[in-house]
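Chain by chain, the residues:
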Amino acid sequence: MSTPMTTTAPPAAPAVAATEAPAATEDSRAPESGGLAIGPYTVWPPVVLAPMAGITNAPFRTLCRAFAEGRGGAGPGRPAAPAQGRHRGLFVSEMITTRALVERNEKTMQLVRFDASERPRSIQLYGVDPATVGKAVRMIAEEDLADHIDLNFGCPVPKVTRKGGGSALPFKRPLLRAILREAVRGAGTLPVTMKMRKGIDDDHLTYLDAGRIAVEEGVSAVALHGRTAAQHYGGTADWDAIARLKEHVPEIPVLGNGDVWSAPDALRMMRATGCDGVVVGRGCLGRPWLFGDLVTAFEGGGAAARPTLREVADVMLRHATLLGEWLGDEARGVIDFRKHVAWYLKGFAVGSEMRGRLAIASSLAELAAGLGELDLDQPWPPGAEGPRGRTSGKNRVVLPDGWLADPHDCTGLGADAELDTSGG
């Protein structure tokens, strides 16, 4: 059995000020749906937290799930508890490397620890060797480490693609098929899904072939980030590609990913593409309450969360506290939290000197003291809306030598192609 993470009670959703909901339009009304089916799990609203390296650890997932489930009270715009038998989204771990999992790497075993409140438990795996992926999946199934497995074929970072992994791998169709076959076979009754990009670049698109292979190998659902690896996180996500994939693989659910910054964006994506659900990544950085907004919007509209800086500060301290409990060390938790400071404070009137001080805090007391010096009565600022996180543009994709010569030639991938650390 998995070892539950020991924390204090799940965080309460902040009491938020109501804002008038915009008038519904054809593309912003909630789509009619009985829920997203991922194996035995019915997910409503059909929303998935995207795996993000160093971000979607157990504390952040706990925060996002708490807001989605309305635990801790129901102020304006806060959802009620989920209906029996339904799950308010899937909240996926950061990337777990199959080699590191099989070898029981200490850091990796920490990353696969779930909070006791997390159901279903979702793990994302990365690997390039079918045999190693198969071993990792069987380990997860046999040791009850998770309830759902997602496979990473979308990561664009050089240390992954230079080994033929992530968004580079679907170009090798036989290798993709072999990995999916081993994963589905090893998973037993656990559902296996996959996340991918359009392809390596505009001249090497792979998503339609990959989607068809996924159907043929028994994958439960596919998620498409509407960018190529070369785009990284720049430009605009291609929602038309998501629509084409849905038409191409009607047999299984298709989830869309890319440029979902708000609940209305998620509704527009589903209306525009016909996809069965959405994957939310950078849009929730410094805004875990976005998952409460998504529930509210999918269940008929209403006010979105617009917390004051005081309420945001409360969530920041809660987040940092959870990190310290998870890591077993308050200082380590606060240090790990530093990366989140700028995202939480986006748009608020906080001077650069104070932002710098908060970003080097080493204790909860130091973090709380700094936050206490701010003008905490500031309302939610318009500048906090819209894109956040990485926005890098077109990049050269680093690939193994000769990778693009033949999509069917899978030779040249040795044992060193498997990364030995998790988390991206």
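Below or above, wherever it landed, is the structure these notes cover. (Residues numbered from 1 in each chain as written. Predicted model: local features only at pLDDT ≥ 70, side-chain atom pairs only at ≥ 80, totals over all residues. Heavy atoms only, no water.)

### With respect to the overall build of the chain
Then, in step 1: The secondary structure content of the chain amounts to 15 helices and 13 strands.
Then, in step 2: Each of the 424 residues in the chain was classed as buried or not, and the buried ones make up 57%.
Then, in step 3: Counting contacts in the chain only where the partners sit at least 6 residues apart, residues at least 24 apart contribute 77% of the total.
Then, in step 4: Of the accessible surface of the chain, which amounts to about 16000 Å², a share of 52% is contributed by carbon and sulfur atoms. (Helix = DSSP H or I, 4+ residues; strand = E, 2+ residues; numbered from the N terminus. Buried < 20%, exposed > 50% of the residue type's maximum accessible area, 1.4 Å probe, protein only. Contact = heavy atoms within 4.5 Å. Areas by Shrake-Rupley, 256 points an atom, 1.4 Å probe, with all protein chains shown as cover.)

### Digging into the environment of Ala223
Then, in step 1: On the secondary structure map, Ala223 appears in strand E11 (residues 221-225).
Then, in step 2: We classify Ala223 as buried; its relative accessible area is 8%.
Then, in step 3: Sequence spacing of Ala223 and Gly256 is 33 residues, and the spatial spacing of their C-alpha atoms is 5.8 Å.
Then, in step 4: Every residue in contact with Ala223, bar those within four places of it in the chain, is listed here: Met194, Lys195, Met196, Leu255 and Val279.

### Concerning the pairing of E11
Then, in step 1: The buried count for E11 comes to five of five residues, which makes it a mostly enclosed element.
Then, in step 2: Taking every second residue as pointing to the same face, both faces of E11 are buried, with Ala221, Ala223 and His225 on one and Val222 and Leu224 on the other.
Then, in step 3: Of the pairings in the sheet, the one linking strand E8 (residues 192-197) to E11 comprises five bridges and is parallel in character. Pairing of Arg197 across the sheet is with His225, part of E11.
Then, in step 4: Bridging between E11 and strand E12 (residues 254-257) involves four bridges; their strand directions are parallel. When the sheet's bridge partners are listed, Val222 is paired in E12 with Val254.
Then, in step 5: For the crossover from E11 across helix H8 (residues 239-248) to E12, the handedness is right-handed. (Pairing = 2+ DSSP bridges. Right-handed = clockwise from strand over helix to strand, strands pointing away.)

### Focus: unusual backbone geometry
Then, in step 1: Following Trp44, the chain continues into Pro45 via a peptide bond in cis, with omega recorded as 0°.
Then, in step 2: Residue Pro120 is bonded to the preceding Arg119 through a cis peptide linkage, with omega at -10°.
Then, in step 3: Summarising the element assignment, Pro120 is placed in the loop between helix H3 (106-111) and strand E6 (122-126).
Then, in step 4: Phi at Arg104 is positive, roughly 55°, even though this residue is not glycine.
Then, in step 5: Backbone geometry at Asp259 places phi at a positive 65°, although glycine is not the residue there.
Then, in step 6: The topology assignment puts Asp259 in the loop between E12 and helix H9 (263-273).

### Notes on the side chain of Thr273
Then, in step 1: Considering the arrangement of structural elements, one finds Thr273 in helix H9.
Then, in step 2: A polar contact of 2.8 Å, which involves the side chain of Thr273, links it to the backbone oxygen of Met269.
Then, in step 3: Polar side-chain contacts of Thr273 include one of 3.1 Å to the backbone nitrogen of Cys275.
Then, in step 4: Not counting chain neighbours up to four residues away, the residues in contact with Thr273 comprise Trp239, Ile242, Ala243 and Lys246. (Polar contact = N/O pair within 3.5 Å; in protein donor to acceptor, adjacent residues only side chain to side chain.)

### Considering empty space enclosed by the protein
Then, in step 1: For the structure shown, the criterion picks out one cavity of 30 Å³ or more.
Then, in step 2: When its volume is computed, the largest cavity comes out at roughly 120 Å³.
Then, in step 3: Every residue lining the largest cavity is counted, 16 residues in all, and those nearest its centre are Val48, Asp150, Thr193, Ala223 and Leu255.
Then, in step 4: Tallied by class, the residues present in the lining of the largest cavity amount to twelve nonpolar, two polar and two charged. (1 Å grid on protein atoms, 1.4 Å probe; cavity = no way out; pocket = protein on both sides within 12 Å on 5 of 7 lines; lining within 4 Å. Points joined across faces, edges and corners; volume = space filled by probe spheres on them. Nonpolar A, V, L, I, M, F, W, Y, C, P; charged D, E, K, R; others polar.)

### Brief notes about helix H6 (residues 173-187)
Then, in step 1: Across its 15 residues, H6 extends 21 Å between first and last C-alpha, which sits within 8% of the 21 Å expected from 1.5 Å per residue.
Then, in step 2: Those residues of H6 that sit buried are Arg173, Leu175, Leu176, Ile179, Leu180, Ala183, Gly186 and Ala187.
Then, in step 3: Its buried side turned inward, H6 meets helix H4 (130-142), strand E7 (148-153), E8, strand E10 (204-205) and helix H7 (207-216).
Then, in step 4: One or two positions beyond H6, positive phi appears at Gly188, with a value near 65°. (Expected span 1.5 Å × (residues − 1).)

### Structural notes on the packing of helix H1 (residues 58-69) against helix H11 (residues 309-327)
Then, in step 1: Two elements in contact, H1 and H11, have axes separated by 8 Å at closest approach and are oriented at 135°. The angle between H1 and H11 falls in the class oblique. Seen from above, H1 lies across H11 with right-handed handedness. Residue-level inspection shows Ala58, Pro59, Phe60, Thr62, Leu63 and Phe67 of H1 in contact with H11, the latter providing Val315, Arg318, His319, Leu322, Leu323 and Trp326.
Then, in step 2: The residue inventory of the contact of H1 with H11, partitioned by class, reads nine nonpolar, two polar and one charged. (Axes fitted to C-alpha atoms, helices over the stretch in contact; angles between N-to-C directions. Parallel < 35°, antiparallel > 145°, perpendicular 65-115°, else oblique. Left-handed = near helix turned anticlockwise from the far one by under 90°.)

### Quick notes on the packing of aromatic side chains
Then, in step 1: Considering all chains together, one arrives at seven aromatic pairs under this definition.
Then, in step 2: In textbook terms, an aromatic cluster arises when at least three aromatic residues are bridged by ring pairs, as seen for Phe67, Trp289, Phe337, Tyr344, Phe348 and Trp380.
Then, in step 3: Positioned over the ring face of Trp403 is Lys172, at 4.8 Å from the centre of the ring.
Then, in step 4: The ring of Tyr233 is capped by Arg197, whose NZ or CZ atom sits 5.0 Å from the centre of that ring. (Phe/Tyr/Trp six-rings, centres within 6.5 Å; stacked < 30°, edge-to-face > 60°. Lys NZ or Arg CZ within 6 Å of the ring centre and 35° of its normal.)

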